[in-house]
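The residues making up each chain are set out below.
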Amino acid sequence: SSLLFVALLFVVKTTLGQKIPFKIVALGDSYSAGSGNRDERGIADYVPPLGCNRSPTAWGAQYADSLRDVYEVTFIHKACSDNEVKHIFEPFLMEFFVYGDLTRILRCPTRNDTRTVIQAHRDPEVFFERVSPLRCDRFITPQIEVVDSSVDLLLITIGGIDAYFTEIVMFCLIPVVQDATLCRRWIEQSAALIENQLKDEILDLFRSLYVKMGGNYNHNKIVLVDYPYIVMDSDYELRNLNETLQPAKVLRAYQQDAKQTYQDIVDEINTEVGRDFVVCFNKTKDIFEGHEPDPSFRTNPDGWIHEEILPRAYDSFHPNKIGYTKLAEGLMLEGTFGVVGGAALVDAKLVAHIEGSYAGVVGRDVVFKAYGSYDGRGFPIVAYEWDVDGDGKHDATTEEPVLLHAYAKPYSGFVGLKVINDQGEWAFARAFVLITEET
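Predicted, not measured: the structure shown is a model, and the values here were computed from it.

Criteria and thresholds
- Residues numbered from 1 in each chain as written.
- Predicted model: local features only at pLDDT ≥ 70, side-chain atom pairs only at ≥ 80, totals over all residues.
- Heavy atoms only, no water.
- Helix = DSSP H or I, 4+ residues; strand = E, 2+ residues; numbered from the N terminus.
- Buried < 20%, exposed > 50% of the residue type's maximum accessible area, 1.4 Å probe, protein only.
- Contact = heavy atoms within 4.5 Å.
- pLDDT = per-residue confidence, 0-100.
- Pairing = 2+ DSSP bridges.
- Axes fitted to C-alpha atoms, helices over the stretch in contact; angles between N-to-C directions.
- Patch = residues over 30% accessible without salt bridge, like charges linked within 9 Å, V, L, I, M, F, W, Y side chains within 5 Å.
- Areas by Shrake-Rupley, 256 points an atom, 1.4 Å probe, with all protein chains shown as cover.
- Salt bridge = Lys/Arg side-chain N within 4 Å of Asp/Glu carboxyl O.
- Lys, Arg positive; Asp, Glu negative; His and termini not counted.
- Charge placed at Lys NZ, Arg CZ, Asp CG, Glu CD.
- Polar contact = N/O pair within 3.5 Å; in protein donor to acceptor, adjacent residues only side chain to side chain.
- Core = buried A, V, L, I, M, F, W, Y, C linked by side-chain atoms within 4.5 Å.

**Side note on the side chain of Ser55**
- With respect to the helices and strands, Ser55 occurs in the loop between α2 (30-33) and α3 (59-65).
- The buried category is assigned to Ser55, whose relative accessible area is 0%.
- Ignoring any residue separated from it by four or fewer positions in sequence, one finds Ser55 in contact with Ala33, Gly34, Asn37, Asp45, Tyr46 and His77.

**Topic: the confidence of the model for the chain**
- Mean pLDDT for the chain: 84, with 85% of residues reaching 70 or above.
- Across the chain, the secondary-structure element scoring lowest on mean pLDDT is helix α1 (residues 2-15), at 46, and the one scoring highest is strand β6 (residues 153-157), at 97.
- Contacts for the low-pLDDT stretch residues 1-12, under 50 throughout, to residues beyond four places or in other chains number 19 contacts.
- Contacts from residues 110-121, a stretch scored under 50 in pLDDT, to residues over four places away or in other chains number 29 contacts.

**Regarding helix α5 (residues 165-173)**
- Looking at α5, one finds that the buried residues are Phe165, Ile168, Val169, Phe171, Cys172 and Leu173.
- Residues of α5 that are buried in the fold lie against α2, α6 (180-212), β8 (238-239) and α7 (247-273).

**Brief notes about the sheet that holds strand β15 (residues 381-387)**
- Here five strands make up an open sheet; going across it, the order is β12-β19-β18-β15-β16 and the pairing mixed. In this open sheet, the two edge strands, each paired with only one partner strand, are β12 (358-361) and β16 (396-398). If you compare each strand with its neighbour and ignore which way they point, the axes differ by 25° on average.
- In the sheet, strand β18 (residues 411-421) pairs with strand β19 (residues 426-436) via 10 bridges, with the strands oriented antiparallel. The partner of Val415 across the bridge, within β19, is Ala431.

**Focus on the environment of Pro21**
- With respect to the helices and strands, the residue Pro21 is situated in strand β1 (residues 20-28).
- Sequence separation of Pro21 and Asp152 is 131 residues, and the distance between their C-alpha atoms is 8.9 Å.

**Some points on a negative patch on the surface**
- Negative charge collects at one region of the surface, where Glu195, Asp200, Asp264, Asp267 and Glu268 lie side by side.
- Those elements that place two or more of their residues in the negative patch are α6 and α7.
- When residues in the negative patch are grouped by element, the largest group, three residues, is from α7.
- A residue is classified by how much of its surface remains accessible, and Asp264, at 32% relative accessible area, is partly exposed.

**Some words on the environment of Ser55**
- For Ser55 and Cys80, which are 25 residues apart along the polypeptide, the C-alpha to C-alpha distance reads 9.8 Å.
- Within the structure, Ser55 has its side chain in polar contact with the backbone nitrogen of Thr57 (distance 3.1 Å).

**Focus on a nonpolar patch on the surface**
- A contiguous nonpolar patch, built from Met170, Val176 and Val177 and spanning about 290 Å² of accessible area, is present on the exposed surface.
- Take Met170: its relative accessible area is 35%, and that puts it in the partly exposed class.

**Re the nonpolar core**
- One finds Leu154, Ile156, Phe206, Leu209, Ile222 and Leu251 to be the most contacted residues of the largest nonpolar core, which totals 51 residues.
- For this core, the secondary-structure elements that each account for two or more residues are β1, β6, α5, α6, β7 (221-225), α7 and β10 (278-281).
- If one sorts the elements of this core by residue count, α6 sits on top with 12 residues.
- With sequence-adjacent residues up to four places away left out, Phe206 is seen in contact with Ile222, Leu224, Ile265, Ile269, Phe277 and Val278.
- Ranked by size, the runner-up nonpolar core spans 26 residues in total, among them Trp59, Leu155, Trp304 and Ile305.

Listed below in structure tokens is the structure:
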């Protein structure tokens, strides 16, 4: 079987002192993307594409980093804030420009060039479409495009936006607009949608991912990560003229039911495909217990979830830096969830890989990482050639899969990587880079 094949490769490669490739992909919504994560200066820690709130230190990235001592890890971060189940399969409309923003309107492709990357320096995940002479839409490509049979482990949080997360937070937890009746109604609508529609949509998603990940390759898995409670346990009451509601009690009961539904989905898909293809990581709520927002508007001094509403509304009720790290540490305790690794070895070849997109400021080192590069046949990589300005000429050569480089001026373009093995063969990869002046 393919499991026996990969296990044998693992033993052989470990004996030879070589790390086995391990490819991890993160898909899903804002919780997977890392919305709310900030750097040491308190600044939002996001990389392109703009609007995804995708953090290079989200829980998935931290988990992937923890495996690098043992595996040759490739990590692909494709999750994006506000994405619903359908956006795993479909392009996601990020924003649109209308008359009044003439420069951006003119940069749109013609109708015959719709759904294309229109400038070479742009992020390859992004494309534009002219809807009318005075409107241009910006899309991000479907998440499923990065999934294939070479993926060993797929990490995902999904369903929150579909199930009215925004409306529930607004009417149950936001001062001024919160209302007992509207809070209850949105929770009831969400529970009904989860049971009557969303459950089937997530099942269909897993069926599609099963096919994309090879189906018969019985060594790869999906990890469906549960959400934390969005409020700490409390007797705080909401009142209006018609009813009284304890939002924390109702919300936590609703989220507990949703957690069980996730487990039911996992059990059903695993029974259907005949193996433990999806693992439900259902320890998130336990990890965050006592560190959730206080529903009575008093700040939780031990909070691991953002409570503030402004100025970064998109961060609200998402984990902070500590929260994402604690979640990552929880996953680390599970090891590789029983996955051996080496799915890419089924199609063994020399592969160059630069992790993610990069953002930085002039004068400060950017750390380019190529740890996911490997030769599936076992030939060692002897050189990494880096083209930091996209001119087609290499600017630095390293023996290790990492380069520190400080840009002297703003730059929007690509960094190129050429990896060379001891047979003289080479492979090429590139990643998007955005360097701006420090504000």
